[in-house]
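# Fold and geometry: a report
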Amino acid sequence: MELEPSSVWGDRWTSCDSPIAKKYMTVACQKRSIVCLAADRNTLLGLGELIDQVGPYISALKTHVDLVDDWTPEGWAELCDKARQANLLIFEDRKFADIGGITRNQMAGIYDIRSWSDLVTAHFISGPDIVDSLQSAWGDVGRKGGVLLLAQMSSRGNLLNPDYTKTVVDSGKTLKGVFGFIGNGSRPRELEKLREIVGPTKMIWTPGVNLAVGDGNMGQRYGDPCEAVIAGSDTIIVGSGIHRSDNPEQSAKMYAAASWNALLERNNG
Ligand code: 5BU
């Protein structure tokens, strides 16, 4: 039985006015999962296999298009079709950071990110015009999309300190083109504070989560996915916990169940 998004998501459902967020929350209810797969594989075949294996247990697909060694426009278009058939939002984690005009052009270029992405990440370091320029780029091809601003990061020693986080959030939450914020899934207490300043109107999505908590590769840090959701994350971004597992399908199911149950617990006590 499918649960009503309003009962699952509580004030996120009533307060988020973004149509993409509403669509996302509905799909999450259909799949009973708030897992975004960080699909960090470097071949089209490997990525396609992953979607086939875990598509039913994830609610969004995060890509790094420039990691794909055998990338071709046709191959990528097929992969995006596969993702849409699996009812997944496509989220390119490009971390845009340049001035507005260049950012708009970077959404075109070889990869033509504007034509297939539903969500992208951006730093706010260059100022608020980056959000308008990303929205203009989607508009250039008659599409709509949402921006996730980096308010925190999961990597050790990053420079996004609490003052910076607050500046990003205070400004970003007033912008319609902002779908939400990236928070640090590895530190629930920092995440609680982030949720306090974000309030209910925007999403918080969190990398840096793994059922095996602790330090990851090259400065990555991992926290418990359930704790992240209880602290205010609306979606856990999971990479190696799924794509490096011996059984990606089983792992995706585990992350889906853990994150979904934590969301129900957060909103319904
Ligand atoms: P992992 O294998 O679960 O560690 O992958 C995490 C993914 O999330 C990877 O694609 C990173 O680029 C992405 N990420 C992150 O780990 N930390 C951050 O602060 C941001 C993105 Br922003």
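Refer to the structure printed above.
The structure contained in this document is the topic of the report that follows. As the structure is a computational prediction, the values presented were derived from the model and not from experiment. Residue positions are given per chain, counted from 1 along the sequence in the order it is written. Owing to the predicted nature of the model, reporting of local features is limited to residues with pLDDT of at least 70; listing and counting of side-chain atom pairs is limited to 80 or more, with chain, interface and lining totals taken over all residues. Water and hydrogen atoms were dropped before computing side-chain values, which therefore reflect all heavy atoms in the structure.

The subject of this paragraph is the overall build of the chain. The way it works is that DSSP assigns letters per residue, a run of H or I at least four long becomes a helix, a run of E at least two long becomes a strand, and they are numbered from the N terminus. When you go through the chain residue by residue, the secondary structure sums to twelve helices and ten strands. Just to be clear, the radius of gyration here is over C-alpha atoms, and the globule rule we use is 2.2 Å times residues to the power 0.38. Taken against the 2.2 N^0.38 rule, which gives 18 Å for 269 residues, the C-alpha radius of gyration of the chain at 17 Å falls within 12% of a compact globule. Here the C-alpha coordinates of the chain stretch approximately 45 × 40 × 40 Å along the principal axes. Looking at the chain as a whole, 53% of its 269 residues qualify as buried. Here, residues are in contact when the closest pair of their heavy atoms is within 4.5 Å. Long-range pairs, those at least 24 residues apart, make up 71% of the contacts in the chain with a sequence separation of at least 6. Exposed residues in this analysis have more than 50% of their type's maximum accessible area, buried residues have under 20%, and partly exposed residues fall in between, with area computed by a 1.4 Å probe over protein chains only.

Looking now at the pattern of salt bridges. For side chains bearing opposite charge, pairing can occur when the charged atoms are close. In the sections that follow, a salt bridge refers to a side-chain nitrogen of Lys or Arg positioned within 4 Å of a carboxyl oxygen of Asp or Glu. According to the stated counting rule, one finds 13 salt bridges in the structure shown. Of the charged contacts in the structure, one is a salt bridge between Arg 12 and Asp 234, with a shortest N-O distance of 3.0 Å. One end of the pair, Arg 12, is in helix H2 (residues 11-15); the other, Asp 234, is in the loop between helix H10 (225-231) and strand E10 (235-238), with 222 residues separating them in the sequence. Each member of the pair, Arg 12 together with Asp 234, is buried. The partner of Arg 143 in a salt bridge is Asp 118, with the nearest N and O atoms 3.3 Å apart.

On to the sheet that holds strand E6 (residues 178-182). On the basis of which strands lie adjacent, the closed barrel formed by eight strands has the order E1-E2-E3-E4-E5-E6-E7-E10 and parallel pairing. Strand-to-strand twist across the sheet, computed as the mean angle between neighbouring axes with direction ignored, equals 25 degrees. Where E6 lies against strand E7 (residues 203-206), three bridges are found, and the strand directions are parallel. By the bridge assignment for E7, Ile 182 is matched with Trp 205. The rule for pairing is simple: two strands pair if DSSP sees at least two bridges between them. Inter-axis angles, ranging from 0 to 180 degrees, are taken between N-to-C directions of lines fitted to C-alpha atoms, where helices are fitted over the stretch in contact.

What follows deals with the pairing of strand E3 (residues 89-96). Most of E3 is tucked away: six of the eight residues are buried. The pairing of strand E2 (residues 60-63) with E3 spans four bridges and is parallel. Counterpart to Ala 60 in the pairing with E3 is Leu 89. Taken together, E2, helix H5 (residues 73-85) and E3 form a β-α-β motif whose crossover is right-handed. As paired strands, E3 and strand E4 (residues 119-122) are joined by three bridges and run parallel to one another. Across the sheet, Glu 92 pairs through a bridge with Val 120, a residue of E4. Consider the strands pointing away from the viewer: the crossover is right-handed when the path from the first strand over the helix to the second runs clockwise.

Looking now at helix H12 (residues 248-268). How far a helix is expected to stretch is found by multiplying one less than its residue total by 1.5 Å. Relative to the 30 Å expected for 21 residues at 1.5 Å per residue, H12 spans 30 Å between its end C-alpha atoms, a close match to the ideal helical length. Looking only at H12, the buried set comprises Pro 248, Ser 251, Ala 252, Tyr 255, Ala 256, Ala 258, Ser 259, Trp 260, Ala 262, Leu 263 and Arg 266.

With that out of the way, let us pick up the site of the ligand. Looking at the ligand, there are 15 residues lining it, with Asp 40, Lys 62, Ser 154, Tyr 222 and Ser 240 nearest. One of the backbone N or O atoms of Gly 239 is found 2.9 Å from an oxygen atom in the ligand. Polar contact is the term for a pair of N or O atoms within 3.5 Å; when the atoms are in protein, one must be able to donate a hydrogen and the other to accept it, and sequence-neighboring residues count only if both atoms are side-chain atoms. One of the side-chain nitrogen or oxygen atoms of Ser 240 is found 2.6 Å away from an oxygen atom of the ligand. Residues are grouped as follows: Ala, Val, Leu, Ile, Met, Phe, Trp, Tyr, Cys and Pro are nonpolar; Asp, Glu, Lys and Arg are charged; all remaining types, including Gly, are polar. Residues belonging to the shell around the ligand are distributed by class as follows: six nonpolar, five polar and four charged. For this description, a residue counts as near a given molecule or strand if any of its non-hydrogen atoms is within 4 Å of it.

The topology assignment puts Arg 244 in the loop between helix H11 (240-243) and H12. Here Arg 244 falls in the exposed class, since its relative accessible area comes to 61%. In this structure the C-alpha to C-alpha distance between Arg 244 and Ala 28, which are 216 residues apart in sequence, comes to 23 Å.

Relative to each other, helix H4 (residues 44-54) and H12 sit at 55 degrees, their axes nearing to 8 Å. The orientation of H4 with respect to H12, classified from their angle, is oblique. For the pair H4 and H12, the sense of crossing is right-handed. Within the contact between the two elements, H4 uses Leu 50, Gln 53 and Val 54 and H12 uses Pro 248, Glu 249 and Ala 252. The residue makeup of the contact of H4 with H12, split by class, is four nonpolar, one polar and one charged. When describing relative orientation, an angle under 35 degrees is termed roughly parallel and one over 145 degrees roughly antiparallel, while 65 to 115 degrees is termed roughly perpendicular and anything else oblique. If you view the pair so one helix is near and one far, a crossing is left-handed when the near helix is turned anticlockwise from the far one by less than a right angle, and right-handed when it is turned clockwise.

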